[in-house]
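Residues per chain are reported as follows:
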Amino acid sequence: MFICLLLFSACSKKELEYNKPAMYWYESILKEINFGNLEGADSYFSSLQSEHINSPLLPEAMLILAQAHVDKEEYLLASFYLDEYSKRFSAFNEHDYLGYLKILANYHGFKNYAKDQDFVYRSIDDIEEYLETFPKSRYTPFVEYVYIKFKLGENELNESIASVYKRKGKKEAAEDYLSRNREILEGIKIKSSYMPWYVRIFNW
């Protein structure tokens with residue numbers, strides 16, 4: 001789906017520019033990134049990929065674009081490039097690094113636990129899989145830190161859901177979510193993150 005969008009966004013450029021050497025597209029990507037125009041960089045990447053599918057410049061361009069989108073806080077696009085790179089080009093000894101980068105992108109893209117429930121659960125699953133697969137990676141301590149942050153988000157999410165059920169008089173459902181927190185963070189005192197009243201009223 002995203003590749004289709006990239007191809008579509010590149011159409012106007014391709015009407016004027018096509019059949020160029022791989023280095024031309026690669027350098028154009030770098031120029032657009034330097035100008036802060038990531039939409040243009042994505043379009044040039046589409047051209048590079050469509051005209052030079054086997055170019056050795058492709059994997060490097062993917063990693064550069066992934067980092068550029070992280071810097072712009074466009075984490076969904078960063079994850080796309082990391083996923084594509086991992087599927088097509090990565091060696092096994094890179095997997096822990098790529099997994100770490102994707103987890104980091106998800107962490108920085110984590111905005112609101114109340115509105116991103118599925119995102120929280122999927123991210124926790126991804127992190128647990130990472131920790132099981134790469135227990136001795138140099139990035140494991142950082143991933144463990146991110147894991148704790150997501151678990152704290154899950155804790156607040158469960159408390160908010162329990163609060164809704166309490167107000168509706170559904171005590172058993174409320175207790176179910178509170179019991180999940182006791183399992184998640186048993187023995188740890190949690191201080192809820194601050195949320196202004198004018199934000200809180202629109203969340204629940």
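What you see is a predicted model; the values in this text were computed from it and never measured.

(A) Broad picture of the pattern of salt bridges. Applying the stated criterion to the full structure yields 5 salt bridges. When the shortest N-O distance is used, the salt bridge between lysine 151 and glutamate 154 registers 3.0 Å. One end of the pair is lysine 151 and the other is glutamate 154, both in helix H8 (residues 140-167) and 3 residues apart, which spans about a single turn. Note on glutamate 154: relative accessible area 12%, which makes it buried. Residue aspartate 176 pairs with arginine 180 through a salt bridge whose shortest N-O separation is 3.0 Å. Taken as a pair, aspartate 176 and arginine 180 lie in helix H9 (residues 171-184) at a separation of 4 residues, close to a single helical turn.

(B) The environment of glutamate 74, seen in detail. Topologically, glutamate 74 is positioned in the loop between helix H4 (57-71) and helix H5 (75-88). Between the alpha carbons of glutamate 74 and alanine 105 there is a distance of 8.7 Å; along the sequence they are 31 residues apart. Setting aside anything within four residues of it in sequence, one finds glutamate 74 in contact with Leu38 and His69.

(C) Quick peek at a negative patch on the surface. On the surface, a cluster of negative charge is made up of Asp125, Asp126, Glu128, Glu129 and Glu132. By the element assignment, glutamate 128 lies in helix H7 (residues 117-133). We classify glutamate 128 as partly exposed; its relative accessible area is 33%.

(D) How the structure looks around the confidence of the model for the chain. In this model, the chain carries an average pLDDT of 80, and 78% of its residues clear a pLDDT of 70 or more. Here residues 7-14 scores under 50 on pLDDT; set against residues more than four positions off or in separate chains, the count is 13 contacts.

(E) Structural context of the side chain of serine 137. For serine 137, the location among the structural elements is in the loop between H7 and H8. Only 3.1 Å separates the side chain of serine 137 from the backbone nitrogen of tyrosine 139, close enough to count as a polar contact. Beyond its immediate stretch of four places on either side in the chain, serine 137 contacts Asp96 and Tyr130.

(F) View of the environment of tryptophan 25. One can find tryptophan 25 in helix H2 (residues 22-34). Those residues in contact with tryptophan 25 that sit more than four places away from it in its chain are Glu17, Tyr18, Lys20, Tyr44, Ser47, Leu48, Glu51 and His52. A polar contact of 3.4 Å, which involves the side chain of tryptophan 25, links it to the backbone oxygen of lysine 20.

Criteria and thresholds
Residues numbered from 1 in each chain as written. Predicted model: local features only at pLDDT ≥ 70, side-chain atom pairs only at ≥ 80, totals over all residues. Heavy atoms only, no water. Salt bridge = Lys/Arg side-chain N within 4 Å of Asp/Glu carboxyl O. Helix = DSSP H or I, 4+ residues; strand = E, 2+ residues; numbered from the N terminus. Buried < 20%, exposed > 50% of the residue type's maximum accessible area, 1.4 Å probe, protein only. Contact = heavy atoms within 4.5 Å. Patch = residues over 30% accessible without salt bridge, like charges linked within 9 Å, V, L, I, M, F, W, Y side chains within 5 Å. Areas by Shrake-Rupley, 256 points an atom, 1.4 Å probe, with all protein chains shown as cover. Lys, Arg positive; Asp, Glu negative; His and termini not counted. Charge placed at Lys NZ, Arg CZ, Asp CG, Glu CD. pLDDT = per-residue confidence, 0-100. Polar contact = N/O pair within 3.5 Å; in protein donor to acceptor, adjacent residues only side chain to side chain.

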